[in-house]
Amino acid sequence: ISLSKMSHDHHMNGSMLPTTHPPEHHHSMAAPGHGHGSDMMMMAMTFHFSYENVPLLFSGLVINTPGEMAGAFVAVFFLAMFYEGLKIARECLLRKSQVSIRYNSMPVPGPNGTILMETHKTVGQQMLSFPHLLQTVLHIIQVVVSYFLMLIFMTYNGYLCIAVAAGAGMGYFFFSWKKAVVVDITEHCH
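Residues numbered from 1 in each chain as written. Predicted model: local features only at pLDDT ≥ 70, side-chain atom pairs only at ≥ 80, totals over all residues. Heavy atoms only, no water.

**Focus: the overall build of the protein**
Counted only if it meets this: Only DSSP runs of H or I reaching four residues or more are called helices, and only runs of E reaching two or more are called strands; each is numbered from the N terminus. Relative accessibility decides the category of a residue: with a 1.4 Å probe and only protein chains considered, values under 20% of the type maximum give buried, values over 50% give exposed, and everything between is partly exposed. Throughout, a contact is declared for two residues whenever any of their heavy atoms are within 4.5 Å. Each accessible area is a Shrake-Rupley estimate made with a 1.4 Å probe; only the visible protein chains count as cover when residues are assessed.
For the protein, the helix and strand inventory stands at 3 helices and 7 strands. When its helices and strands are written in sequence order, the protein yields β-β-β-β-β-α-β-β-α-α. Going through the 190 residues of the protein one by one, you find that 27% of them count as buried. Counting only contacts in the protein whose residues sit at least 6 apart along the sequence, the fraction spanning at least 24 positions is 62%. Here the protein displays about 12800 Å² of accessible surface, and carbon together with sulfur accounts for 68% of that area.

**Concerning the confidence of the model for the protein**
Here is the rule we go by: Known as pLDDT, the predictor's per-residue confidence is scaled from 0 to 100.
Per-residue confidence for the protein gives a mean pLDDT of 74, with 63% of residues at or over 70. At the level of individual helices and strands, the protein shows its lowest average pLDDT in strand S2 (residues 26-28), which scores 45, and its highest in helix H3 (residues 158-175), which scores 94. Low pLDDT, under 50, characterises residues 2-39; the stretch is placed with 67 contacts to residues that sit more than four places away or in other chains.

**Section: the packing of aromatic side chains**
Applicable threshold: Think of it this way: a Phe, Tyr or Trp ring, Trp meaning its six-membered ring, pairs with another when their centres are within 6.5 Å, and the plane angle makes it stacked under 30 degrees, edge-to-face over 60, tilted otherwise.
Enumeration over the complete set of coordinates arrives at 6 aromatic pairs. Arranged with centres 6.2 Å apart and planes meeting at 80 degrees, the rings of phenylalanine 58 and phenylalanine 148 form a pair that is edge-to-face. Placement of phenylalanine 58 in strand S5 (residues 58-63) and of phenylalanine 148 in helix H2 (residues 130-153) is noted, with a sequence separation of 90 residues between them. The class for phenylalanine 58 is exposed, based on a relative accessible area of 51%. Joined through ring pairs, the aromatic side chains of Phe47, Phe153 and Tyr156 make up one cluster.

**Observations concerning the pairing of S5**
Heads up, the rule is: Only strands that DSSP links by at least two bridges are regarded as paired with each other.
Here 3 bridges tie strand S4 (residues 54-56) to S5, and the two strands are oriented antiparallel to one another. In the strand pairing of S5, proline 55 is matched with valine 62. Linking S4 to S5, which pair antiparallel, is a turn of 1 residue; within it leucine 57 sits at a positive phi near 70 degrees.

**Some details on unusual backbone geometry**
Phi is positive for asparagine 53, close to 55 degrees, though the residue is something other than glycine. For asparagine 53, the location among the structural elements is in the loop between strand S3 (42-44) and S4. Although it is not a glycine, leucine 57 adopts a positive phi angle of roughly 70 degrees. One can find leucine 57 in the loop between S4 and S5. You can call leucine 57 partly exposed: its relative accessible area is 34%.

**Here's the deal with the nonpolar core**
Counted only if it meets this: The term nonpolar core refers to a set of buried residues drawn from Ala, Val, Leu, Ile, Met, Phe, Trp, Tyr and Cys, joined through side-chain atoms within 4.5 Å.
If you look at the biggest cluster of nonpolar residues, it comprises 15 residues, and the most contacted ones within it are Leu56, Ile63, Val76, Leu149, Ile152 and Leu160. Residue assignment for this core shows that the elements contributing at least two residues are S4, S5, helix H1 (66-97), H2 and H3. In terms of residue count, H1 provides more of this core than any other element does, 5 residues in total. With sequence-adjacent residues up to four places away left out, isoleucine 152 is seen in contact with Leu56, Leu57, Val76, Leu79, Leu160 and Val164.

In structure tokens form, the structure reads like this:
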């Protein structure tokens, strides 16, 4: 992956198009303050399978060869897997860090004038605790990674979109089986 600054003078392919195409299908990547001359670059707003001049998250990070695209595919695939694993890990940590469990019983009217006791389980966590601080940091990481994946998908590059979807699917397959699903049969709002 090339880390050099993109040149606007070289040949453009399907991922970067000159301004001769209708603006309703592309959005400008030109920096603010630049004129609308021939140097303005447009980003494809349709899916394409290109490996040349494909920007990846940062202006200096541009894919130019099949090898670079293969490397980016693998990196994006593992980033999407990491995202799915992080979601499950946060749930597991949350369950382990729950510090107090309280059961509250309250009478509710039953059929034929009878009184039934309904029990609710309340789980608490302290705000100023290491587990909550860790959850906060992991939440920030999860949000950043999710936006990175969204922006990668929005390149409309078919290879990178497949990497995001396949990585998320594989991450779900590997990590979500550990996720405990609890069904509360007394819950009435399904």
